[in-house]
Amino acid sequence: MTGPLRIGVLAIQGDFREHAGVLRRLGADPVEVRKPEQLDGLDGLIVPGGESTAISLLIRDGLEEGLRRFRGPVFGTCAGMILLGRDHLGLVDVAVRRNAYGRQVASFEADLDLEGEAVPLRGVFIRAPRVDVIGPGVEVLAEHDGEPVLLRDGRFLVASFHPELTDDTRVHERFLDMVRAEVMAGGGTL
Ligand code: GLN
């Protein structure tokens, strides 16, 4: 490999700066994406949390098509997972219910068991979506109270919580591992 991984962060709305910060900490090169042509040559892409209705309206001017055409690994958190799911872009085979935790517990933190790891992962949930249905090809990597909260569908990784808001970088590291594997396989630009 000849340089840092170039990872786009959809920078329309939401907590894209926090994702960029984690990527930088892990030695990757974050690229803020606001126009479709900025997707060219990226090794991977993050769709951040925020407000899925706002993001879905603001990407209608070509970015939506760009996201559909993007061929590299994509990581969506919270609103990002909603956008990638069946009811929006339909790129990830999950049916997601928005704001599905009751008012009292709309935002909370919980320790999550991460597949293959002994140390739990702290999950920060903010008006989080719930995953109602998952397709047959979708792998569950973490659950909360028996419900999937971190999932992988091929080159897509989605989380209903916010790994970018804690100091634990393991979920982003997994995503970068997916990107590296894709680049090695010849799918990327390095
Ligand atoms: N509730 C937001 C939505 O429905 C998602 C919240 C988040 O991204 N933290 O889009």
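Look a little higher up for the structure.
Residues numbered from 1 in each chain as written. Predicted model: local features only at pLDDT ≥ 70, side-chain atom pairs only at ≥ 80, totals over all residues. Heavy atoms only, no water.

Draft legend 1. Quick look at the nonpolar core. Grouped together as the largest cluster of nonpolar side chains are 30 residues, with contacts concentrated most on Ile7, Phe125, Leu150, Leu157, Phe161 and Phe175. For this core, the secondary-structure elements that each account for two or more residues are β1 (6-10), α1 (16-25), β6 (107-114), β7 (121-126), β9 (139-144), β10 (147-153), β11 (156-159) and α5 (170-184). Broken down by element, this core gets its largest block of residues, 6 residues, from α5. With sequence-adjacent residues up to four places away left out, phenylalanine 175 is seen in contact with Ile7, Gly44, Leu45, Ile46, Pro73, Val74, Phe75 and Leu157. The next biggest cluster of nonpolar side chains, apart from the first, holds 27 residues, and it includes Leu42, Val74, Leu83 and Leu151. (Core = buried A, V, L, I, M, F, W, Y, C linked by side-chain atoms within 4.5 Å. Buried < 20%, exposed > 50% of the residue type's maximum accessible area, 1.4 Å probe, protein only. Helix = DSSP H or I, 4+ residues; strand = E, 2+ residues; numbered from the N terminus. Contact = heavy atoms within 4.5 Å.)

Draft legend 2. Seen up close, the sheet that holds β10. In space, the 9 strands of this open sheet follow the order β2-β1-β3-β4-β11-β10-β9-β6-β7, with mixed pairing throughout. The outermost strands of the open sheet, each flanked by one partner alone, are β2 (29-33) and β7. The sheet shows a mean angle of 25° between the axes of neighbouring strands, taken without regard to direction. In the packing of α5 onto the sheet, the strands contacted are β1, β3 (44-47), β4 (74-77), β6, β7, β9, β10 and β11, and the crossing angle to β3 comes to about 145°. (Pairing = 2+ DSSP bridges. Axes fitted to C-alpha atoms, helices over the stretch in contact; angles between N-to-C directions.)

Draft legend 3. Layout of the side chain of histidine 172. Summarising the element assignment, histidine 172 is placed in helix α5. Assessed through its relative accessible area of 1%, histidine 172 is described here as buried. A polar contact is formed between the side chain of histidine 172 and the side chain of histidine 19, at a distance of 2.9 Å. If near-sequence neighbours (up to four positions away) are discounted, histidine 172 is found in contact with His19, Val22, Leu26, Ile46, Phe75, Pro163 and Glu164. (Polar contact = N/O pair within 3.5 Å; in protein donor to acceptor, adjacent residues only side chain to side chain.)

Draft legend 4. Inspection of the packing of aromatic side chains at higher detail. Enumeration over the complete set of coordinates arrives at 5 aromatic pairs. Geometrically, the ring pair formed by phenylalanine 108 and phenylalanine 125 is stacked, given 4.7 Å between the ring centres and 10° between the ring planes. In this pair, phenylalanine 108 is assigned in strand β6 and phenylalanine 125 in strand β7, connecting sequence segments 17 residues apart. On the basis of relative accessible area, phenylalanine 125 is assigned to the buried category, the value being 1%. Measuring from centroid to centroid gives 5.6 Å for phenylalanine 125 and phenylalanine 161, while their planes differ by 45°, and the two rings are tilted. With phenylalanine 125 in strand β7 and phenylalanine 161 in the loop between β11 and α5, this residue pair connects regions lying 36 residues apart in the sequence. The class for phenylalanine 161 is buried, based on a relative accessible area of 0%. An aromatic cluster of at least three residues, connected via ring pairs, comprises Tyr101, Phe108, Phe125 and Phe161. If you follow arginine 130 out to its NZ or CZ, it ends over the ring of tyrosine 101, 4.2 Å from the centre. (Phe/Tyr/Trp six-rings, centres within 6.5 Å; stacked < 30°, edge-to-face > 60°. Lys NZ or Arg CZ within 6 Å of the ring centre and 35° of its normal.)

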